[in-house]
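A look at the structure
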Amino acid sequence: MRLHAKVLLVVVPLAVIPLLMLGWLAYDQLRSSGIERSSNQMTTLMDQLARSFQMHQNVAEANIQLFADASLMRTYALTEDEEERYVLMLPSLLKLFTSYLRAYPDYTEIRFLLPDGYEDARATLEPMPNSMTNEGETPFFKALSRFDGETMSRVSIRSDVDVVAMQVARPIRLSNLATEDPLGAEPVLRGYLIVTMTLDFMREQMAASRIGETGHTLIVNKIGEILFHQDPSQIGEYLPSQLLETVWSADGRKQLLQVAYQDEPVMLATRRLHEDLALVGVLPESELLAESQRLEKLIVWIVLGTVVLMIVALLIAMNLLMVRPLKQLMHAVREIGSGNLTPKIPLSSSDELGLLALSFQEMGLHLQTSRHKIERLAYHDSLTGLPNRLMFHEYLQHMVSLARRENTQMAILFLDLDNFKRINDTLGHQIGDQLLKDMAARLTEILRLQDFIYREAYPDTSEVIARLGGDEFVILLPNIKGAGDAAKIATRILKAMKDPIYLNNHELCIGTSIGISLFPDDGAEVTDLVKYADAAMYHAKEQGRNNFQFYSASQNLMTTELLSLESRLRRALSNSEFELYYQPQVRTETGEMTGVEALLRWNDPEHGIISPDQFIPIAEDCGLILPIGEWVLHEACRQTGAWMAAGLPPITVSVNVSGIQLQRQELPLIVDRVLADTGLKPEFLELEITETTLMKVNAEVIEHLSAMQRKGITISLDDFGTGYSSLSLLRGLPIGKLKIDKSFVQGMLIDPQDEAIVLAILFIAASLGLETTAEGVETQEQAIQLAREGCNSLQGYLLSRPLPALEMTKLLKSGIASETFAVSMGRTSSVL
């Protein structure tokens with residue numbers, strides 16, 4: 001069968017009948033949509049007016065709280081001297097009230113009533129005379145005097161000026177600290193601050209808002225009196241009792257009610273504005289029916305016109321069926337040449353033209369597949385399958401432009417896996433890579449179904465997550481309502497990350513620190529949003545890790561300062577800005593100085609001496625702790641060897657070792673190299689490791705410590721008593737000395753608990769055959785008590801502050817520290 005015959009047999013019957021059915025369905029759908037649109041317009045307008053009223057009421061209640069808390073208002077309310085109150089303070093108070101009235105045009109007057117209802121002060125910008133100066137017997141004041149809350153509001157009609165207003169009142173309860181006991185003073189009612197706000201703003205909004213062509217809104221009070229209406233002649237009229245009952249009983253319903261109003265069926269919607277006011281929306285049903293009739297005529301003409309056009313088109317198509325397919329094929333070839341590898345060719349027949357079109361489509365699909373593979377290699381992370389930094393920035397730039405155009409909010413979540421580097425370095429990169437893939441899969445499951453895990457830039461995608469590199473991920477949350485939405489997603493991520501992951505018989509517990517920046521609150525540029533989220537992530541790590549933090553300008557300043565500190569820290573080692581100070585340790589039995597502790601100091605050319613508490617955490621985070629720690633070890637051993645070579649008494653030098661040095665270095669090899677370079681014997685070196693750090697090391701590190709101990713190096717446990725080590729674990733560690741933390745030493749004479757801890761540590765050390773050193777000894781009584789209880793050596797300001805090498809050399813020659821100890825102990829030093 002030839003091509004034109006197929007068209008005649010298939011297109012004519014299959015096109016006309018569905019078109020008629022489609023016309024009927026379109027009419028029914030448009031009619032329903034028109035009714036729904038009018039209903040939605042009505043409910044939306046009602047909600048907007050109700051929210052506007054509520055907003056003005058909330059603002060008034062918040063403002064009256066601010067007015068009542070003003071220092072002048074409080075002082076005026078507490079002042080009992082009438083001359084000072086009314087001559088000196090009242091003019092200033094009225095001036096303050098007047099400034100409030102000018103700032104808020106809706107407020108007509110501000111009054112201050114005494115507890116008995118007498119009007120004490122009043123300010124107004126309009127000539128609205130007060131009905132009475134003593135309102136003690138008015139219903140409003142009686143209700144106010146019984147009110148025990150913070151703020152009370154009441155709507156009333158000022159008959160003298162025919163104005164509908166809301167009175168917002170706040171009791172002022174204050175304690176006079178000048179005459180009463182501050183500890184036992186009870187707040188006393190000093191009066192009531194009342195702000196009168198006109199409701200004319202509702203009339204303006206109602207006049208500017210319309211429901212359809214003939215619909216309108218009105219406001220009635222509890223008794224059905226119409227207070228506001230777009231038709232002024234209706235103001236003061238009353239709703240029928242049956243309709244009024246329907247209005248008050250239907251409050252809160254979103255559905256429209258079908259009732260009769262003014263002898264006409266209407267659709268009614270209500271919103272309660274206040275306990276005394278209701279907003280009513282009225283839309284005549286005749287308007288809805290008129291729109292349906294217009295739609296009916298329109299659909300009929302459209303269907304008839306379409307049928308006529310189709311008949312004409314079919315007549316013309318007979319002459320074009322052989323030409324049009326060829327033109328389509330030529331167009332498809334041009335599309336493929338211009339880059340559209342999958343052009344649409346509407347040919348599905350099995351004739352020669354159809355087969356040719358199919359061949360073109362297959363060729364385009366093959367080319368499209370090849371292009372997708374190339375793009376995936378360029379825009380996606382090869383490990384996790386997530387898009388990379390390049391694709392994320394392109395997509396983020398697009399979403400920022402879209403959000404700016406549509407005035408929507410977005411959030412950027414910057415994630416960094418906690419302790420990933422330690423796992424990667426300890427268990428190997430293979431475990432680390434698998435962990436990253438599992439984390440990417442877990443994040444995919446955590447986010448909502450419509451979230452985009454940054455696999456492809458699909459046009460219908462709302463959220464996006466990407467891997468920027470290493471253990472850093474970033475999530476884009478567009479179209480959020482506020483910071484709360486971002487906080488919910490971050491909380492869900494943190495909760496799911498608590499579950500352990502099992503890889504190669506290893507149970508891995510890993511958390512994440514999340515930083516959040518918001519568009520447009522924090523920034524409007526792509527680079528700023530990512531940078532601020534990164535800064536907030538670092539703040540989350542400083543807050544203890546495994547939490548989320550929002551960006552703030554102070555965090556950006558802190559991050560900038562930290563980056564500057566890190567940059568200067570990198571130059572400090574090469575510029576010889578570090579210096580070691582030494583604090584002596586004295587033997588309690590003999591009074592001899594037997595050792596010193598090496599303490600690191602940084603003399604920054606720009607900021608002077610910087611405390612180790614400031615730069616050591618940064619050095620650990622950026623990896624500089626490794627070269628700095630090796631320099632400290634080498635310099636301490638060199639200086640100790642130099643003292644011995646000069647003929648000074650042999651002493652032991654204590655060097656602090658961080659947890660990163662234990663985990664990420666072959667510490668025994670470095671120690672051996674330093675001892676060989678400086679010529680210091682192992683027995684004169686002591687390595688101090690904090691209790692918390694030693695509890696986290698693995699068996700391999702403990703074996704390294706044991707090997708160094710067998711060579712003669714002393715391993716001491718620093719700040720003992722502040723961690724959570726058990727006695728069984730302590731017994732198995734290669735420890736030669738316990739150092740009692742200075743917090744316990746300084747409190748042992750005044751706090752029985754600290755004294756008990758010190759005695760327990762000394763007993764444990766004696767039982768296990770360990771040496772003990774007490775840190776932070778500052779008084780003679782502390783030294784005597786520690787010596788009496790069996791502490792082996794003391795260290796602290798009682799003996800000497802930390803000294804630079806030159807001053808320490810003089811101290812070693814003079815033996816002043818030993819003499820100071822002897823004097824504090826009440827005996828003569830053997831050194832002397």
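Refer to the structure presented above.
Residues numbered from 1 in each chain as written. Predicted model: local features only at pLDDT ≥ 70, side-chain atom pairs only at ≥ 80, totals over all residues. Heavy atoms only, no water.

1. Quick look at the overall build of the chain
Stated formally: A run of H or I in DSSP becomes a helix once it reaches four residues, and a run of E becomes a strand once it reaches two; helices and strands are each numbered from the N terminus. Relative accessibility decides the category of a residue: with a 1.4 Å probe and only protein chains considered, values under 20% of the type maximum give buried, values over 50% give exposed, and everything between is partly exposed. Contacts are assigned to residue pairs that have any heavy atoms within 4.5 Å of one another. All accessible areas in this document rest on Shrake-Rupley with a 1.4 Å probe, and a residue is counted as covered only by the protein chains that are shown.
Secondary structure assignment for the chain yields 27 helices and 27 strands. Burial statistics for the chain: of 832 residues in total, 47% are counted as buried. Considering only contacts in the chain between residues 6 or more positions apart, those separated by 24 or more positions represent 64%. Per element, the accessible surface of the chain, about 42900 Å² overall, is 55% carbon and sulfur.

2. Quick notes on the sheet that holds strand 13 (residues 472–480)
To keep things clear, this is the line we draw: In this scheme, strands are said to pair when DSSP sees at least two bridges between them. The angle between two axes is taken between their N-to-C directions and runs from 0 to 180 degrees, where each axis is a line fitted to C-alpha atoms and a helix contributes only its stretch in contact.
Ordered in space as 12-13-11-16-17, the five strands form an open sheet in which the pairing is mixed. The sheet is open, and its two borders are formed by strand 12 (464–469) and strand 17 (548–550), each paired with just one other strand. Between one strand axis and the next, the sheet turns by 20° as a mean value, whatever way the strands run. Where strand 12 meets strand 13, five bridges bridge the pair, whose relative direction is antiparallel. Its bridge partner being in strand 13, Val464 is matched across the sheet by Leu476.

3. Focus: the packing of aromatic side chains
Two aromatic rings, taken as a pair, are described by how far apart their centres are and by the angle between their planes. In plain terms, the rule: Two aromatic rings from Phe, Tyr or Trp, using only the six-membered ring of Trp, form a pair when their centres are within 6.5 Å; if the ring planes differ by under 30 degrees the pair is stacked, by over 60 it is edge-to-face, and anything between is tilted. Only when the NZ of Lys or the CZ of Arg is both within 6 Å of the ring centre and within 35 degrees of the ring normal is a charge said to sit over the ring.
Under the counting rule described, the total for this entry stands at 13 aromatic pairs. Summarising the aromatic geometry, the rings of Tyr104 and Tyr107 are spaced 5.1 Å apart at their centres and angled 25° between planes, so their arrangement reads as stacked. A relative accessible area of 30% means that Tyr104 is categorised as partly exposed. Here the aromatic residues Phe67, Tyr100, Tyr104 and Tyr107 are joined through ring pairs into a cluster of three or more. The side chain of Lys222 reaches across the aromatic face of Trp248, ending 4.3 Å from its centre. Directly above the ring of Tyr581 sits Arg601, whose terminal nitrogen or CZ lies 5.5 Å from the centroid.

4. Thoughts on the nonpolar core
So the rule is basically this: Nonpolar cores were defined as sets of buried Ala, Val, Leu, Ile, Met, Phe, Trp, Tyr and Cys residues, with membership established by side-chain atoms within 4.5 Å.
The biggest cluster of nonpolar side chains holds 77 residues, and the ones touching the most others in it are Leu685 and Leu687. Met42, Val155, Met197 and Met202 belong to the second-largest nonpolar core, a separate cluster that totals 51 residues.

5. Some remarks on the sheet that holds strand 7 (residues 226–229)
Strand order in the open sheet formed by five strands is 7-6-10-9-8, and the pairing between neighbours is antiparallel. Each end of this open sheet is capped by a strand with a single partner; those strands are strand 7 and strand 8 (257–260). Mean inter-strand twist for the sheet, computed between neighbouring axes without regard to direction, equals 35°. Here strand 6 (residues 216–221) pairs with strand 10 (residues 277–284) via six bridges, running antiparallel. In the strand pairing of strand 10, Val220 is matched with Ala278. In this fold helix 6 (residues 241–249) packs onto strand 6, strand 8, strand 9 (265–274) and strand 10, with an angle of close to 55° to the strand it touches most, strand 9.

6. Quick look at a nonpolar patch on the surface
Basically, it comes down to this: Patch rule: a residue counts if its relative accessible area is over 30% and it has no salt bridge; like charges are joined within 9 Å, and nonpolar side chains (Val, Leu, Ile, Met, Phe, Trp, Tyr) within 5 Å. The salt bridge criterion pairs a side-chain nitrogen of Lys or Arg with a carboxyl oxygen of Asp or Glu, the two atoms within 4 Å.
Together, Tyr86, Val87 and Leu88 give the surface a local cluster of nonpolar side chains, amounting to about 290 Å² of exposed area. Inspection of the secondary structure puts Val87 in helix 3 (residues 82–103).

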